[in-house]
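Inside the fold
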Amino acid sequence: MAEGEVRPNKKVVLRNYVDGFLKENGMEVVTDTVRLQVPHESTAVIVKNLYLSCDPYMRMRMARPDQSSEFPSFVVGSVMTGYGVAKVVVSGHKDFKVGDLVLGITGWEEYSLISDPNSLIKINHPELPLSYYTGILGMPGMTAYIGFYEICAPKQGEFVFVSAASGAVGQLVGQFAKLAGCYVVGSASSDEKVTLLKEKFGFDDAFNYKKERDLNAALKRCFPEGIDIYFENVGGAMLDAVLLNMRNCGRIAACGMVSQYNLEKPEGVHNLINIVSKRVRMEGFVVLDHFSKYRKFEEMVVQHLKSGKITYVEDIAEGLESAPTALVGLFKGKNVGKQLVVVARE
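Residues numbered from 1 in each chain as written. Predicted model: local features only at pLDDT ≥ 70, side-chain atom pairs only at ≥ 80, totals over all residues. Heavy atoms only, no water.

As recorded in an unreviewed UniProt entry, the protein chain goes by the name Zinc-binding dehydrogenase family protein, listed as coming from Rhynchospora pubera. Taken directly from UniProt, the Subunit (unreviewed entry) text for the protein chain runs: "Homodimer." (UniProt positions renumbered as here; feature names shortened; annotations may be inferred.)

Below you can see the structure in the form of structure tokens.
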């Protein structure tokens with residue numbers, strides 16, 4: 001492609017702010033044009049997007065600005081953004097050349113202008129599937145790494161519980177726990193996912209929370225001696241049940257609370273007194289604060305992937321047109337593994 005060329009640019013824009021459960025009609029796929037040229041004397045780059053990551057936190061960015069507390073809201077009528085894998089096609093930056101493969105925040109569109117390329121990370125292992133950099137080698141993988149190793153500081157023989165365990169983050173947390181010599185149980189939303197956890201990812205046990213009338217009883221069955229580490233992805237009733245089953249000096253890494261994102265009025269938590277009586281430490285974290293450790297994380301996970309010590313499952317949607325449905329599916333439990341969208345393969 002020639003610099004300065006004008007190309008069609010399909011994109012996903014926010015159609016309106018979302019109240020309640022996310023629906024496809026909150027988003028719209030439109031086609032615009034883009035000139036493949038960076039501003040004069042700019043250090044910007046233009047990238048061709050290859051793979052886009054669907055992540056639950058994006059739902060919070062679709063709320064009205066006065067309702068979005070953790071992340072800034074998208075702008076109605078503007079392209080949505082998220083983590084993705086892309087190829088540099090035009091560059092005004094000395095450290096990025098045409099053809100470089102990168103990971104970072106990009107638009108949900110075919111081509112994106114990245115004004116600050118310093119936020120991008122060059123991909124060191126293109127011999128692995130590039131889609132892995134939306135998941136196991138991307139933001140979800142880093143989230144699992146920071147939450148489990150840095151915040152929970154696991155010890156061999158400890159009891160670990162992971163909610164939403166078959167998702168992009170949970171499947172990796174469980175495998176990290178096994179590598180650390182822990183006993184690990186996961187919860188998921190279907191029998192198919194429960195089987196995946198036990199047979200593919202090596203969880204010691206797992207259960208379908210939709211079939212459990214009493215989550216407290218389910219956790220007591222799986223953890224008769226209690227839970228040392230809880231990797232929190234869900235919130236709500238699951239968190240309440242976990243608090244009853246934590247062991248003294250347990251740790252909870254609060255990564256997300258997906259059960260709450262579509263509620264107009266968030267649920268309360270009733271068993272917080274257990275944090276006091278059981279000396280539990282619960283810590284929330286945002287992975288953006290920890291990307292200085294990315295290369296250490298990347299090399300550790302690449303080594304485990306190449307040795308076969310960890311594996312990964314992806315749920316791949318084809319084309320930008322499928323992106324709204326893929327994102328909504330996260331909140332209906334439709335995805336099996338890491339949900340991503342293929343925009344282009346090269």
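From this point, things continue past the structure.
1. Let's talk about the nonpolar core
Core analysis: the largest hydrophobic core is formed by 83 residues, its most contacted members being Met62, Met80, Trp108, Ile136, Leu137, Tyr294 and Leu327. Here this core takes eight residues from helix α1 (residues 139-152), the largest share from any one element. Phe159, Val242, Leu243 and Met246 belong to the second-largest nonpolar core, a separate cluster that totals 20 residues. (Core = buried A, V, L, I, M, F, W, Y, C linked by side-chain atoms within 4.5 Å. Buried < 20%, exposed > 50% of the residue type's maximum accessible area, 1.4 Å probe, protein only. Helix = DSSP H or I, 4+ residues; strand = E, 2+ residues; numbered from the N terminus.)

2. Some thoughts on the packing of aromatic side chains
Geometrically, a pair of aromatic rings is defined through the distance of the ring centres and the angle of the planes. This structure, assessed with the given rule, holds 15 aromatic pairs. Consider the rings of tyrosine 132 and tyrosine 312, whose centres lie 6.1 Å apart with planes at 70°: the pair is edge-to-face. Of the two residues, tyrosine 132 sits in the loop between β7 (121-122) and α1 while tyrosine 312 sits in the loop between α7 (294-307) and β14 (314-318), which places them 180 residues apart along the sequence. Accessibility assignment for this pair places tyrosine 132 and tyrosine 312 in one class, buried. Above the face of the phenylalanine 96 ring, lysine 122 is positioned so that its terminal group lies 5.4 Å from the ring centre. (Phe/Tyr/Trp six-rings, centres within 6.5 Å; stacked < 30°, edge-to-face > 60°. Lys NZ or Arg CZ within 6 Å of the ring centre and 35° of its normal.)

3. Comments concerning helix α4 (residues 215-222)
Buried residues of α4: Leu215, Ala218, Leu219 and Cys222, and no others. Projection of α4 onto a plane perpendicular to its axis shows the buried side chains occupying an angular sector of 95°, all on one side. In this structure, the buried side of α4 is in contact with β8 (159-162), β9 (183-188), β10 (205-208), β11 (227-232) and α5 (236-245). Where α4 starts, the residue carrying a side-chain oxygen 3.0 Å from the main-chain nitrogen of asparagine 216 turns out to be aspartate 214. (Arc of directions from axis to C-beta. Contact = heavy atoms within 4.5 Å. Polar contact = N/O pair within 3.5 Å; in protein donor to acceptor, adjacent residues only side chain to side chain.)

4. Some words on unusual backbone geometry
Even without being a glycine, alanine 153 presents a positive backbone phi close to 45°. The exposure class of alanine 153 is partly exposed, given its relative accessible area of 38%. A positive phi angle is found at alanine 164, which is not glycine, with a value near 50°. Structurally, alanine 164 is set in the loop between β8 and α2 (170-179). Here alanine 164 falls in the partly exposed class, since its relative accessible area comes to 32%.

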